[in-house]
Amino acid sequence: MVKKILLLLLLLVAMVPSAYAQRTILFATDATWPPMEFVDNNKQVVGYSIDFLKAAAKEAGFKVEFKNTAWDGIFSGLLTGKYDAICSSVSITKKRQKKMDFSEPYFEVRQALVVAKDSNYTRLVDLKGKKVGAQIGTTGYFTIKKADGAIAKSYDEVGLAMEDLKVGRIDAVICDDPVAANFAMIKYHNDLKISAIVKTDKTEYYGFPVVKGNHEVLDLINKGIVAVKTKGIAKKLKEKWIGK
Amino acid sequence: MKKIDIGDGAAIPSPDDKQLLSAWWIAFVGTIALLIALPIYDPDTYGAVLAFIPDGIQVTFEVTILSIALALIIGLITGLGRISENRIFNLLASLYVEVVRGIPLLVQLFYIYFALGRIVQVPDIVAAVIAMSFCYGAYMGEVFRAGIMSIDFGQSEAALAQGFNKAQTMRYVILPQAWRTILPPVGNEFIALLKDTSLVSILAVADILRRGREYAASSFDYFETYTIIALVYLLITLILSKLLAHMEQRLNYYEKR
Amino acid sequence: MKNVDPIIAIHNVTKYYDRFRALNNVSLDIFPGEKVVVLGPSGSGKSTLLRTINQLETIDSGTIIVDEHNLGDPGEDIHKIRMNMGMVFQSFNLYRHKTVLENLTLAPIKLRKMHPDEAKSLAMVLLEKVGISDKAASYPAMLSGGQQQRVAIARALAMEPKIMLFDEPTSALDPEMIGEVLEVMVKLAQEGMTMIVVTHEMGFAREVADKIIFMDGGEIIESETPERFFENPSQERTIKFLEQIL
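Computed from a predicted model, the values in this text were never measured in an experiment.

Conventions adopted
Residues numbered from 1 in each chain as written. Chains lettered and ligands numbered in written order. Predicted model: local features only at pLDDT ≥ 70, side-chain atom pairs only at ≥ 80, totals over all residues. Heavy atoms only, no water. Core = buried A, V, L, I, M, F, W, Y, C linked by side-chain atoms within 4.5 Å. Buried < 20%, exposed > 50% of the residue type's maximum accessible area, 1.4 Å probe, protein only. Helix = DSSP H or I, 4+ residues; strand = E, 2+ residues; numbered from the N terminus. Domains from an automatic or database assignment. Contact = heavy atoms within 4.5 Å. Patch = residues over 30% accessible without salt bridge, like charges linked within 9 Å, V, L, I, M, F, W, Y side chains within 5 Å. Areas by Shrake-Rupley, 256 points an atom, 1.4 Å probe, with all protein chains shown as cover. Salt bridge = Lys/Arg side-chain N within 4 Å of Asp/Glu carboxyl O. Lys, Arg positive; Asp, Glu negative; His and termini not counted. Charge placed at Lys NZ, Arg CZ, Asp CG, Glu CD. Pairing = 2+ DSSP bridges. Buried area = accessible area lost by both parts, 1.4 Å probe. Nonpolar A, V, L, I, M, F, W, Y, C, P; charged D, E, K, R; others polar. Polar contact = N/O pair within 3.5 Å; in protein donor to acceptor, adjacent residues only side chain to side chain.

Moving on: the nonpolar core. Counting residues in each nonpolar core, the largest one holds 151 residues, and the members touching the most others are Phe-27, Phe-52, Met-162, Phe-208 and Ile-221 of chain A together with Ile-196 of chain C. Among the elements that make up this core, the one with the highest residue count is helix α8 (residues 166-196) of chain B (13 residues). Looking at which domains feed residues into this core, each of domain 1 (24-108 + 205-241) and domain 2 (111-198) of chain A supplies at least three. Leave out the neighbours within four places in its chain, and Phe-27 of chain A touches Leu-53, Phe-62, Val-64, Glu-65, Phe-66, Lys-67, Ala-85, Ile-86, Cys-87, Phe-208 and Ile-221 of chain A. Among the nonpolar cores identified, the runner-up in size contains 52 residues, and Leu-101, Ala-119, Ala-136 and Phe-241 of chain C belong to it.

Glancing now at a positive patch on the surface. Residues and elements named next belong to chain A. On the surface, Lys-94, Lys-95, Lys-98, Lys-99, Lys-146 and Lys-202 cluster together into a positively charged patch. The greatest single-element share of the positive patch, amounting to four residues, is contributed by helix α4 (residues 94-99). Residue position: Lys-202 is located in the loop between β14 (192-198) and β15 (204-207). Looking at Lys-202, the relative accessible area reads 58%, which means it is exposed.

Two strands in a sheet stick together by hydrogen bonds in their backbones, pointing the same way (parallel) or opposite ways (antiparallel). Residue and element names in this part refer to chain A. Ordered in space as β7-β15-β9, the three strands form an open sheet in which the pairing is antiparallel. The open sheet has two edge strands with one neighbour each: β7 (90-91) and β9 (107-109). Of the strand pairs in this sheet, β7 and β15 are connected by two bridges, and their pairing is antiparallel. Within the sheet, the bridge partner assigned to Ser-91 lies in β15 and is Tyr-206.

Residues and elements named next belong to chain A. Partitioning chain A into domains gives domain 1 (24-108 + 205-241) and domain 2 (111-198). Between the C-alpha centres of domain 1 and domain 2 the distance comes to 25 Å. Between domain 1 and domain 2, the contact holds 14 residues from the first and 15 residues from the second. The largest per-residue losses of area from domain 1 upon contact with domain 2 belong to Trp-33, Pro-34 and Trp-71, which jointly make up 45% of the total buried on that side. One can count zero salt bridges joining domain 1 with domain 2. For the side of domain 1 that touches domain 2, the per-class residue count stands at seven nonpolar, four polar and three charged.

A word on the sheet that holds strand β1 (residues 8-17) of chain C. Residue and element names in this part refer to chain C. Across the sheet, which stays open at both edges, the four strands sit in the order β2-β1-β4-β5 with antiparallel pairing between neighbours. For this open sheet the edge positions go to β2 (20-30) and β5 (69-70), each flanked by a neighbour on one side alone. In the sheet, β1 pairs with β2 via seven bridges, with the strands oriented antiparallel. In the sheet register, Ile-8 faces β2, and the bridge partner there is Ile-30.

Here we take up the pattern of salt bridges. Residues and elements named next belong to chain A. The full count for this structure, using the stated rule, is 27 salt bridges over all chains. Put simply, Asp-51 and Lys-240 hold a salt bridge, and the shortest N to O gap is 2.8 Å. Here Asp-51, found in helix α2 (residues 48-60), pairs with Lys-240, found in helix α9 (residues 233-241); they are 189 residues apart in sequence, far enough to count as distant. Look at Asp-51 and you get buried, because its relative accessible area is 16%. Residue classification places Lys-240 among the exposed positions, given a relative accessible area of 54%.

Let us look at the interface of chain C and chain B. Interface size, as often reported, equals the accessible area lost upon joining of the parts. The partner chain B presents 23 residues to the 25 residues of chain C that form the contact. Both sides together, the interface formed by chain C and chain B hides about 2,200 Å², and carbon and sulfur atoms give 54% of it. When the buried area of chain C at its contact with chain B is split by residue, Tyr-95, Arg-96 and His-97 of chain C rank highest and sum to 27% of it. At the junction of chain C with chain B, the criterion picks out one salt bridge. The salt bridge involving Arg-51 of chain C is made with Glu-157 of chain B; its shortest N-O contact spans 2.3 Å. For the pair chain C and chain B, the number of links is seven residue pairs in polar contact (both at pLDDT 80 or more). Elements with a contribution of two residues or more to the side of chain C that touches chain B: α2 (78-83), β6 (85-88) and α3 (100-110) of chain C.

And the structure:
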């Protein structure tokens, strides 16, 4: 028994210095949002947001770990302290800011309207009485809800919405433009197209949310973001993951 | 009366069990009290959730009732197939049961939903109903089989000896009696199916759960949302179980002395 | 009586249950109006023999001809043949979900396409006959064994059969109820019904039977009038059986 305790203590001692040296920040990510964050063929979480954060961590001197989490409930996990922050293409909105603190913006995003290749819908008003899909709790979904007359359908993953659009169960999908581009130009390029960018009142940015008041983590992330932006790393990453 | 034991536990209160009866009343009154009190206590959260989900309740009912109706038909055919002396019919029915029982419901839902999408274009609710009833049809088939086999063989013999053929014997003598044995497990399956319809929210069908999740996703009132959702499901299943217990009692009419 | 054709002709019938030979080369003729009582120890094949007559049991070899229909002929509709044979079971087997009246009217309405009113009035006549018309609206579970068996006889009669088969009709009854059932059967016999009765009721056999069949080991050991069977048995196995039973 004593031996076991000693062994345990030894293990703890061995682990502490590394943890102490560099703060590890645990990020939740819903890796179903290509090309921003998704799981590649090697089962690794990759993407623009991921690379951006890794670069920021290097610059600011902290370590990142990712926890793949379903989007639906990703915020409740943060609020209940299951992880320190979220790296999951989270758009900064007023409503969200009431519940959590956001880092500096790291990406400007627009909402894209994805439709079937042979369809003529180019505006949300064209979709009166039509079914329009989006991932649950995303700005895309809120856009549909705000639009007059379209029937909003929420999906757990944007990919499921794209699949339903492809087989004709719904008439359009609204999601962030890099994701829309990924689906419409690569995966389903035979069936789908981006028909328009939905006009919104305000420019929308991604940020990394942290628990309200967690300045330690927030400061580290912001330090990294600024460095990545000013050193031009962000631009390179954009070319790598999104193209022109 | 022979009891057949299939299903995921006794959801139906037994009419002779006073203890259970009072447990039912406590749960029922408590659920209703909470569903009234919580929205009054905090109209902005509890009240808002409750106001958000009614069309979801309707969808849940639609999926449940259509699925159970279809599952009963599939179940009857499967049950008859499982006891049939026709080799091919029997084999097909058994194969169906084996396959369905070996695959988790959630996987079947996904599979049928997306596979169906590639073949025919049907509304999501229809796809959900097909997937649910396909799965539950197999379980119903086993319930029917057990129910039919629980009827004393003398009943068949008496009918056959009078000149009824097998189909007539089944229709006029066996099935009317089997209903009584089948109803409790069918009732359990019914309630289980109602609860399992929450899985179709994965398929973007706007049932109670999805409506709740949509509400929570924009309001962040997770605790309040799932409290209300749990209470709504509980209230529905409590009412259903009571109705089924009542039906069960009425079907017992001919065994009372 | 024997100058007419038999209504049931059983020839060289053999039946196996797996490897057990239940009937061994059994032959028997039964003539219209004849009352045949089949006796024998349990496991002697007497119930099996009775049940082959309406093909509740199939046979492995031999022929059974009922009312000029060969049961082995695939062209024959066994269901039609069965309509002309009433059967009464040891355990009554009344339709439990039907009232007494409905038990009697179900088959005539569905199989004979009888008008429900006609079926009902016929049923009431029969219930009167078996002395149980006051229970017409009751369910079988509410009746005593003796009452149920009398209803079962009436149910069989409702199809207006030419032949009645009784498979140990009193064996499941409490002793005080046996009399009421036998009384109905005696009455039926007096009306001239062709009856084959498997039973252990020696008094009934002596009183009613035109012919006693004694079976043992799947074979017919003896086929005699009651007088000769009871007073002057010729076979050793018969004597042993009678010693045990009387």
